[in-house]
Amino acid sequence: MSASGLRELNSGREPWDLVKELIQNVWDEASSATELWDAAPSATECRVTIEPQPGDDATLVIVQDDGPGFADIADAYTLMGHTDKRFQPTKRGLFNRGEKDVISVAIEAEVETVGHTVKFPRTGSRERVANSRATGTVVRALMPWDKGQSQELVARLKRFRRPVNCRLLVNDFEVPLRPAKKKRFATLQTVTQDAPEEPLRTIRRCTEIHFLDPQAASGKGWLHEMGIPVRPVDCPWDIDIMQKIPMPEQRNDVKETYLNRIYAEALNATHGMLEADQFGSQWVKRAIEHTRVSSEAVKSTVKGRYGSYKAVFYSTKDYDANHRAHDNGYAVIPGGLSKREVKAFRQHAGVKDSHEVFPTPKPPDIDYPPEPGSNQERFAEWVTEMSSHCNLSATVRFFNEPDNRRQADCEVSTESPTLRFNEGSLGQTFFEPPYESIEHWNLLLHELGHALTESPSAGHGEAWGEGVSKAGALIAVNSNLNRVE
């Protein structure tokens, strides 16, 4: 790849996204020695200096450390060379192009490491000379960034999460340690290489995920790879994955499938720390839809969204069941959920349709006509007369079920409904004339409202309400007309 071609690829990147490449190289040296290729002395300090230059058209960036220096000085200018970091999922580097990306954009640059200095002058090419440096590396790059960009760069670098064993200083400000508010182990995808010249491969590996208060001014979180920011996330946490994340070459994005898994683990870990209004966020929806979401997280989401662990889905089959659920202290979940959310709520939180929990009682199997000469017969005559004002030819029957809370029901049959009344629930005094109380009219209009909807499954929705109004109007008008005549 030509220098100009690499410059074209990197010139549009944000300053912090380029400088992070230099910082992560230092931090990889600062990691604990766990393998033979990582046995060199580790860096304990990374010092970054950002100096806007006179004229406001350039910024000098200096990144220096106290590590062992370059193992191979050719790495400063050899693109896509081999790096042992590919063997280790707990190292950030992968493509061995960090310094090259910065240098490709720089006006001029210099890499000074143990025994060697490589200069990249404005005129192009490079110059390599020996030096007497005994430890550490200094990268100096004059970048085409104005004062505003340099100020934003400083602010961004201060939001990096430094390792425990390596100080990070940005213009002499020591970036503080940021302890995790919550940690969780999870098996996630990462990238590794088995041996030099072998292909990179994706594996699954158990690692820690750290959740921290966000540092961005917006209050939104960022996804990090071992302290290095990767991309914003729709989540109220900074999320730090403690192993290499599968990413493209510029290492500034992840696949949506990977991000969804991270959201699921975030909800699993932090659902007990969220405010009620946060459970309606889009990231929670994506977490709920993932197969790795936990039952505890789903239950908390139901409680957070709907105010109660006791919840049922709104039933379109039995509207009365929705009212009974509400009357019994259940939250009734409206429509609009995705199929995966519904599945998760059913599987993990035991949420059912309202008609499954509060089914509408079936009409009684045994009913009977009123006994001749009784108050029930007089009541039936009144109901029949009022029904006729609604252009209905009603049949009135009775049943006796004291334990059934239903006082009456209506079996719709176009213009000939059957109205049933529960003597056991209403009591004998209810049927004594005159039939002028609010209780009489409430019950009659309620059932005639069902009759005028011409649909037994309409429940107590809008159509039923219109039927009640229509029944009242017809009785008022037609009974008055009869009185005039």
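Just so it is clear, the structure is predicted and the values come from calculations on it, not from any experiment.

Novice: Help me get a handle on the overall build of the protein chain, residues and values and all.
Specialist: Regarding its fold elements, the protein chain presents 14 helices and 19 strands. The buried share of the protein chain, reckoned over its 485 residues, is 48%. In the protein chain, the proportion of contacts linking residues at least 24 apart, taken out of those at least 6 apart, comes to 59%. Roughly 23,800 Å² of accessible area belongs to the protein chain as shown, and the carbon and sulfur atoms make up 49% of that amount.

Novice: Pulling in residues and values, what's your account of the state of the cysteines?
Specialist: As enumerated under the stated definition, the model contains zero disulfides in all. You can see Cys46 has no disulfide; the closest cysteine sulfur is in Cys166, sitting 6.0 Å from it. Classification of Cys46 as buried rests on a relative accessible area of 0%.

Novice: So what's going on with the side chain of Asp367? Which residues, and what values?
Specialist: Of note, Asp367 is situated in the loop between α10 (354-357) and α11 (375-389). Taking relative accessible area as the criterion, Asp367 reaches 19% and is therefore assigned buried. One polar contact links Asp367 to Arg397, side chain to side chain, over a distance of 2.8 Å. Separated by 2.6 Å, the side chains of Asp367 and Arg420 make a polar contact.

Novice: Describe the sheet that holds strand β3 (residues 108-113), naming the residues involved and giving the relevant values.
Specialist: Taken in spatial order, the eight strands line up as β5-β4-β3-β6-β2-β1-β7-β8 in an open sheet, and their pairing is mixed. Two strands bound the open sheet, and with one partner strand each, they are β5 (127-130) and β8 (173-174). Across the face of the sheet, helix α4 (residues 147-157) comes into contact with β1 (45-52), β2 (59-65) and β7 (167-170) while running at roughly 160 degrees to β1.

Novice: Quick one: what's the story with the sheet that holds strand β11 (residues 221-225), residue by residue and with numbers?
Specialist: Read across the sheet, five strands follow the order β9-β10-β13-β11-β12 without closing on themselves; strand pairing throughout is mixed. Across the chains shown, the open sheet's two edge strands, defined by having one partner strand only, are β9 (182-192) and β12 (228-233). On average, each strand axis in the sheet is inclined to that of its neighbour by 30 degrees, with strand direction left out of account. Packing of helix α5 (residues 256-270) onto the sheet brings it into contact with β9, β10 (201-212), β11, β12 and β13 (238-241), and relative to β9 it is tilted by some 165 degrees.

Novice: Go over the confidence of the model for the protein chain, please, and point to the residues and values.
Specialist: Of the residues in the protein chain, 87% have a pLDDT of 70 or more, and the chain-wide mean is 87. Of the regions scoring below 50 in pLDDT, residues 32-41 engages in 15 contacts with residues more than four places distant in sequence or in other chains. Scored below 50 in pLDDT, residues 78-82 makes 18 contacts in the model with residues more than four places away or belonging to other chains.

Novice: So, empty space enclosed by the protein: which residues are in play, and what are the values?
Specialist: Scanning the entire structure with this criterion turns up one cavity of 30 Å³ or more. Roughly 100 Å³ of internal volume is contained in the largest cavity. Lining the largest cavity are Trp16, Arg156, Arg159, Phe160, Gln215, Ala216, Trp222, His224, Pro229 and Asp238. Each residue belonging to the lining of the largest cavity can be placed in one class, and the counts come to five nonpolar, two polar and three charged.

Novice: Go over the packing of aromatic side chains, please, and point to the residues and values.
Specialist: Counting across every chain of the model gives 18 aromatic pairs. On the numbers, 5.2 Å between centres and 75 degrees between planes, the contact of Trp382 with Trp441 is edge-to-face. Taken as a pair, Trp382 in helix α11 and Trp441 in helix α13 (residues 438-453) lie far apart in primary sequence, 59 residues in all. What makes Trp382 buried here is its relative accessible area of 10%. Trp441 gets classed as partly exposed once you look at its relative accessible area, which sits at 27%. Among the aromatic residues, those joined into a ring-pair cluster are Phe379, Trp382, Phe398, Phe421, Phe430, Phe431, Tyr435 and Trp441. Between Lys158 and the ring centre of Phe173, over which it is positioned, the NZ or CZ distance is 4.7 Å. Across from the ring centre of Tyr309, 5.9 Å away, lies the NZ or CZ of Lys303, which sits over that ring.

Novice: So, the nonpolar core: which residues are in play, and what are the values?
Specialist: What tends to happen in soluble globular proteins is that the nonpolar side chains get buried as a cluster. By size, the foremost hydrophobic cluster in this structure holds 38 residues, and its most contacted members are Ile239, Ile241 and Leu267. A per-element tally of this core places α5 first, with seven residues. Leaving out residues up to four positions away in the same chain, Ile241 has contacts with Leu188, Thr207, Glu208, Ile209, Leu223, His224, Glu225, Met226, Tyr258 and Ile262. Counting 37 residues, the second-largest nonpolar core is a separate cluster that includes Leu18, Ala106, Val154 and Val170.

Novice: Got a sec to walk through the pattern of salt bridges? Specific residues and values, please.
Specialist: Per the stated rule, a full pass over the model turns up 35 salt bridges. Between Lys220 and Asp234 there is a salt bridge, with the nearest N and O atoms lying 2.8 Å from each other. With a gap of 14 residues between them, Lys220 in the loop between β10 and β11 and Asp234 in the loop between β12 and β13 connect regions that are remote in the sequence. Among the residues examined, Asp234 registers a relative accessible area of 27% and is labelled partly exposed.

How each quantity is defined
- Residues numbered from 1 in each chain as written.
- Predicted model: local features only at pLDDT ≥ 70, side-chain atom pairs only at ≥ 80, totals over all residues.
- Heavy atoms only, no water.
- Helix = DSSP H or I, 4+ residues; strand = E, 2+ residues; numbered from the N terminus.
- Buried < 20%, exposed > 50% of the residue type's maximum accessible area, 1.4 Å probe, protein only.
- Contact = heavy atoms within 4.5 Å.
- Areas by Shrake-Rupley, 256 points an atom, 1.4 Å probe, with all protein chains shown as cover.
- Disulfide = S-S within 2.5 Å.
- Polar contact = N/O pair within 3.5 Å; in protein donor to acceptor, adjacent residues only side chain to side chain.
- Pairing = 2+ DSSP bridges.
- Axes fitted to C-alpha atoms, helices over the stretch in contact; angles between N-to-C directions.
- pLDDT = per-residue confidence, 0-100.
- 1 Å grid on protein atoms, 1.4 Å probe; cavity = no way out; pocket = protein on both sides within 12 Å on 5 of 7 lines; lining within 4 Å.
- Points joined across faces, edges and corners; volume = space filled by probe spheres on them.
- Nonpolar A, V, L, I, M, F, W, Y, C, P; charged D, E, K, R; others polar.
- Phe/Tyr/Trp six-rings, centres within 6.5 Å; stacked < 30°, edge-to-face > 60°.
- Lys NZ or Arg CZ within 6 Å of the ring centre and 35° of its normal.
- Core = buried A, V, L, I, M, F, W, Y, C linked by side-chain atoms within 4.5 Å.
- Salt bridge = Lys/Arg side-chain N within 4 Å of Asp/Glu carboxyl O.

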